[in-house]
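What the coordinates show
Read off the chains here:
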Number of protein chains: 2
Amino acid sequence: MGHMKSSLSPAEIASSLKELWTPRIIGEVDDTYIKVAKVQGTLAWHSHEEDELFYVLKGHLRIELENDNVELAEGEMYIVPKGARHNPVADEECHILLIERKTTLHTGDVITDKTVAIEKQR
Amino acid sequence: MGHMKSSLSPAEIASSLKELWTPRIIGEVDDTYIKVAKVQGTLAWHSHEEDELFYVLKGHLRIELENDNVELAEGEMYIVPKGARHNPVADEECHILLIERKTTLHTGDVITDKTVAIEKQR
């Protein structure tokens, strides 16, 4: 196990990603996945049956909600409550860390051309 | 709910804490707590029945393990696997973010004068 005992830099991993809106699983805490993603533009309006945490590693993320927007600067986080329809938007390239239960579907209740199955997030 | 739709800065909250080694719950993602803590010195050797993620917001953290140490610089993370005995150490003041299942006990299988019950982490 010696070679597994190394630290990870979520910011560095996010920075290295080639594809936008394609989360990469970087760890697991029991039934929860830790992921990073590189995003720009908009994903899709959707909701999940689970809570979803967004933490901005670099850049700025806007989370559009049905009656409000949340603006996240670098180092800020927001937890979208389960069931809340939301749409993440980044006007410029943004690197994020995501925390969500393993059962969470990428675009929740909708399928779009940006939807990435969990098998493709490894 | 309008007033709840605000972003949080884990680094700012950690920085504001007065007591060392006293995690503050700042959010929940289903059955998982997101916490921050201000630490310096050493906690205690212990283990949990759950995985535990450490992410360094500021400073430097060393996680002593039974056969190895993990050194975490700012922006780096490590997940202590369930059952692994570990001891977090910070030579200087360090601010961390923790991700762990809600059932996780602060110092796991041991009780020390630094142990903080979950009710005191709110």
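The rules we used
Residues numbered from 1 in each chain as written. Chains lettered and ligands numbered in written order. Predicted model: local features only at pLDDT ≥ 70, side-chain atom pairs only at ≥ 80, totals over all residues. Heavy atoms only, no water. Helix = DSSP H or I, 4+ residues; strand = E, 2+ residues; numbered from the N terminus. Rg over C-alpha atoms; globule rule 2.2 N^0.38 Å. Buried < 20%, exposed > 50% of the residue type's maximum accessible area, 1.4 Å probe, protein only. Contact = heavy atoms within 4.5 Å. Buried area = accessible area lost by both parts, 1.4 Å probe. Salt bridge = Lys/Arg side-chain N within 4 Å of Asp/Glu carboxyl O. Polar contact = N/O pair within 3.5 Å; in protein donor to acceptor, adjacent residues only side chain to side chain. Core = buried A, V, L, I, M, F, W, Y, C linked by side-chain atoms within 4.5 Å. Pairing = 2+ DSSP bridges. pLDDT = per-residue confidence, 0-100. Least-squares fit on C-alpha atoms with pLDDT ≥ 70 in both. Phe/Tyr/Trp six-rings, centres within 6.5 Å; stacked < 30°, edge-to-face > 60°.

Considering the overall build of chain A
Secondary structure summary: chain A contains one helix and seven strands in total. When its helices and strands are written in sequence order, chain A yields α-β-β-β-β-β-β-β. A compact globule built from 122 residues would reach a C-alpha radius of gyration of about 14 Å, and chain A, at 14 Å, matches this within 12%. Taken along its principal axes, the extent of the C-alpha atoms in chain A is 50 × 30 × 25 Å.

Concerning unusual backbone geometry
Its identity is not glycine, yet A:Trp21 carries a phi of approximately 55°, on the positive side. The topology assignment puts A:Trp21 in the loop between helix H1 (10-16) and strand S1 (24-29). The class of A:Trp21 is buried, set by a relative accessible area of 6%. Although it is not a glycine, B:Asp30 sits at a positive phi angle of roughly 55°.

Details of the interface of chain B and chain A
Taken together, the 36 residues of chain B in the interface contact 36 residues of chain A. Across the interface of chain B and chain A, roughly 2800 Å² is buried in total on both sides, 58% from carbon and sulfur atoms. On inspection of chain B and its partner chain A, the count reaches four salt bridges. With a closest N to O distance of 3.9 Å, A:Asp30 and B:Arg101 form a salt bridge. Across the contact surface, chain B and chain A share nine residue pairs in polar contact (both at pLDDT 80 or more). When contributions to the side of chain B that touches chain A are tallied by element, the ones reaching two or more residues are strand S1 (24-29), strand S2 (32-42), strand S3 (52-58), strand S5 (69-72), strand S6 (77-80) and strand S7 (86-101) of chain B.

Some points on the nonpolar core
Ranked by internal contacts, the top residues of the largest apolar core, which has 28 residues, are A:Ile34 and B:Ile34. Not counting the four nearest positions on each side in its chain, B:Ile34 is found in contact with A:Leu53, A:Met77, A:Ile99, B:Arg24, B:Ile25, B:Ile26, B:Gly27, B:Val29, B:Leu97, B:Leu98 and B:Ile99.

A word on the pairing of strand S4 (residues 61-65) of chain B
Residues and elements named next belong to chain B. Counting buried residues along S4, five of its five residues qualify, which places the element largely inside the surrounding structure. Residues Leu-61, Ile-63 and Leu-65 point to one face of S4 and Arg-62 and Glu-64 to the other, with burial holding for every one of them. Bridge count between S4 and S5: four bridges; the pairing is antiparallel. Opposite Glu-64, over in S5, you have Asn-69 as the bridge partner. From the end of S4 to the start of S5, which pair antiparallel, there are three residues. Bridge analysis of S4 against S7 gives four bridges, and the strand direction is antiparallel. Note that in S7 the partner of Glu-64 across the bridge is Asn-87.

A few points about the confidence of the model for chain A
Taken over all residues, the pLDDT of chain A has a mean of 93, while the share at 70 or more is 96%. For this predicted complex, the interface score ipTM comes out at 0.91, while the overall pTM is 0.93.

As for the relation of the copies chain B and chain A
Its rotation angle being 180°, the transformation that places chain B on chain A also includes 0.0 Å of axial translation and leaves an RMSD of 0.0 Å. Here the transformation between the copies is reduced to the relation of a two-fold axis. Looking at the rotation axis and the C-alpha trace of chain B, the residue lying nearest is B:Thr32, at 3.8 Å. Comparing interface residues between copies, 100% of those in chain B also lie at the interface in chain A; the contact surface is shared.

Thoughts on the packing of aromatic side chains
One pair of aromatic rings is described through two measures. These are the centre distance and the angle between the planes. This structure, assessed with the given rule, holds one aromatic pair over all chains. Considering the side-chain rings of A:Tyr55 and B:Tyr55, the 6.0 Å spacing of their centres and the 80° angle between planes classify their relative orientation as edge-to-face. Separated into two different chains, A:Tyr55 in strand S3 (residues 52-58) and B:Tyr55 in strand S3 make up a pair that spans both. Taken as a pair, A:Tyr55 and B:Tyr55 share a single burial class, namely buried.

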